[in-house]
Amino acid sequence: MTKDEYEDKSLEELEALAEERKKAKIVNELKLEDTEIQEKAETVKLAEQKVEWEESFYKDHPEYAPQEKIPEIGEAKSNGDEESGLVKFYNGWYDRHEAIETESKYGAKLSTVKDVKFQTYENQHYTEVGMDRLFANTDSDTGCADDVSAWSPEDVYAKIVWNTFVCKADLFKICVKGLAINPGDGLGVQIRAYGSFGSPVEKASCECGSCASIGFTTYPLTLKQYNLEAIACDKDIWDVGSILMDSYLSAMSDSWAVWFDAQIYSELETATPGTSTSLPTALACAPALGATCCADTALYELYNSIHGTVASMREGTNPYSPDWIIVSPTVAAIFKRMQSPQPMPWMGDVSFDEDGRLKKISGLKVIEYCGANSCCTDTGEVVAIIVDSRRAVGAVFGERPKTYKFFQTNCNSYRIDQWAYFAVGELDTKAIAHIVNP
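Residues numbered from 1 in each chain as written. Predicted model: local features only at pLDDT ≥ 70, side-chain atom pairs only at ≥ 80, totals over all residues. Heavy atoms only, no water.

### Some remarks on the side chain of T309
Along the chain, T309 falls in helix α7 (residues 297–314). Judged by relative accessible area, T309 falls into the buried class, the value being 0%. A polar contact of 2.7 Å, which involves the side chain of T309, links it to the side chain of T277. Here the side chain of T309 touches S305 through a polar contact of 2.7 Å, landing on its backbone oxygen. Contact partners of T309, with chain neighbours within four places excluded, come to T275, T277, I386, A433 and I435. (Helix = DSSP H or I, 4+ residues; strand = E, 2+ residues; numbered from the N terminus. Buried < 20%, exposed > 50% of the residue type's maximum accessible area, 1.4 Å probe, protein only. Polar contact = N/O pair within 3.5 Å; in protein donor to acceptor, adjacent residues only side chain to side chain. Contact = heavy atoms within 4.5 Å.)

If you want it as structure tokens, here you go:
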């Protein structure tokens, strides 16, 4: 209706038109409210049907039911599920095993490891964590069994429980720090390296310069996936008590430590070293005492070979800075042997800790690694490995390793799986030196 048409109408006609429009507006609002109420009722009905369907489905297929997440350290230690003793024991594990002392006597606390940090990917960025935060806790799926009859109480047991000693030495301390592999960027990481540039050259008057070259190389690491799995039966937990779950978790932790160390040592031992020193004669593993000092050939030949190797690595146009040496306890014992019949009068560059372990030699920190090659006379056997830890070997986690637990209702047992994306490899082999039997 145009403006003129409105002006031609009487006041009564205009009031009637306004009333009609007001009525139409109210009718439309009421219809809209009815539609919204109907849609809400339909949504509630569909939600109720979905809940009923899920309850029915999960009842018939419990393996697909969503699992509750084990709380992180520091979070509330309850998931509202009283059937899971695993949660309680796992959350308390680090509290009960906080102090760590390695075979090399470089002690640390799990919550305050200073020199051993791992790059892990969390919340869209990388962060450094120690062993106390290395394993994240989530949930997962299904079913192995162990015989616990030896622990089933026939008599009363002492509260202390012994574990089988394992071979570990924290070889992570000699790995290159700060490596990271980002999700979505493939399974590899490469360290880029450039060589030394040419030296300045004298030129005659008006003589042109000549281009010097520089070499570029890369050192790659590739991620692989690793798993460790255990089954803890609820009946066995009831039978022998809560120590069973603690024992599983402690043993699994030891297994990872042993395995990580073995992989790192293997990379160093099998590398083609930048420096290889052959002993004048094969190691004599039994002491050779003479009437006068220093009749033990194996002792001073090994001593001199270590000093000579360190000097070779530090010399030249591309010198390295060796800082660690890895030997087995039986090789380290050579430096502790008596001489006619006095202890060897070392000049201060060989030292031992209070427990008698070799601590330092030729300026190198020593790791007495139980997995290193034992003292022997075998030809070509690597008896000591010297490294520049800034460049020799790399180890990296793609993300924080995960621990999953799943309660198998058909077996009345807990399945524990630990997964890790891990890469390890030799890097700059010139930063590695071997001392070998001839």
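### Describing the pairing of strand β20 (residues 432–436)
Taking burial as the measure, the 5 residues of β20 include 5 buried ones, the bulk of the element. Residue alternation in β20 divides its side chains into two sets, I432, H434 and V436 and A433 and I435, and both sets are buried. Relative to β20, strand β9 (residues 275–278) runs parallel, the two being bridged by 4 bridges. Considered in β20, the bridge of S276 is made with H434. Relative to β20, strand β16 (residues 382–387) runs antiparallel, the two sharing 5 bridges. The partner of V382 across the bridge, within β20, is V436. (Pairing = 2+ DSSP bridges.)

### Comments concerning the sheet that holds strand β14 (residues 358–361)
The strand order across the open sheet built from 7 strands is β9-β20-β16-β10-β15-β14-β13, with neighbouring strands paired in mixed fashion. Two strands lie at the open edges of the sheet, namely β9 and β13 (350–352), each paired on one side alone. Sheet twist, expressed as the mean angle between neighbouring strand axes with direction ignored, is 20°. Contacting β10 (324–327), β16 and β20, helix α6 (residues 243–270) runs over the sheet at an angle of about 100° to β16. α7 contacts β9, β10, β13, β14, β15 (364–368), β16 and β20 of the sheet and is inclined by roughly 155° relative to β20. (Axes fitted to C-alpha atoms, helices over the stretch in contact; angles between N-to-C directions.)

### Some remarks on the packing of aromatic side chains
Under the defined criterion, the tally for this structure stands at 10 aromatic pairs. Summarising the aromatic geometry, the rings of F172 and F422 are spaced 6.3 Å apart at their centres and angled 80° between planes, so their arrangement reads as edge-to-face. In this pair, F172 is assigned in the loop between β5 (136–139) and β6 (188–194) and F422 in strand β19 (residues 413–426), connecting sequence segments 250 residues apart. On the basis of relative accessible area, F422 is assigned to the buried category, the value being 1%. Grouping aromatic residues by their ring pairs yields a cluster made of F172, Y226, W256, W259, F260 and F422. (Phe/Tyr/Trp six-rings, centres within 6.5 Å; stacked < 30°, edge-to-face > 60°.)

### Here's the deal with unusual backbone geometry
One non-glycine residue with positive phi stands out, namely C206, at about 65°. For C206, the location among the structural elements is in the loop between β6 and β7 (216–222). The backbone of N412 sits at a positive phi, close to 55°, despite the residue not being glycine. Relative accessible area serves as the criterion here: at 34%, N412 is assigned to the partly exposed category.

### Topic: the state of the cysteines
When the sulfur atoms of two cysteines share a covalent bond, that bond is a disulfide. In the structure shown here, the tally under the stated rule is 1 disulfide. Here C285 connects covalently by a disulfide to C375, the sulfurs 2.1 Å from one another. When the S-S torsion is -100°, as for the bridge of C285 with C375, the disulfide is left-handed. With C285 in the loop between β9 and α7 and C375 in the loop between β15 and β16, the pair connects residues that are 90 residues apart, well separated along the chain. Considering cysteine sulfurs only, C411 is the nearest to C233, which forms no disulfide, with 8.1 Å between them. (Disulfide = S-S within 2.5 Å.)

### Some remarks on the confidence of the model for the protein chain
Confidence in the prediction of the protein chain, expressed as mean pLDDT, is 76, and 69% of residues score 70 or more. Low pLDDT, under 50, characterises residues 69–83; the predicted model gives this stretch 33 contacts beyond four residues in sequence or across chains. Low confidence marks residues 138–142, where pLDDT is under 50. Its contacts with residues over four positions away, or in another chain, come to 21 contacts. (pLDDT = per-residue confidence, 0-100.)

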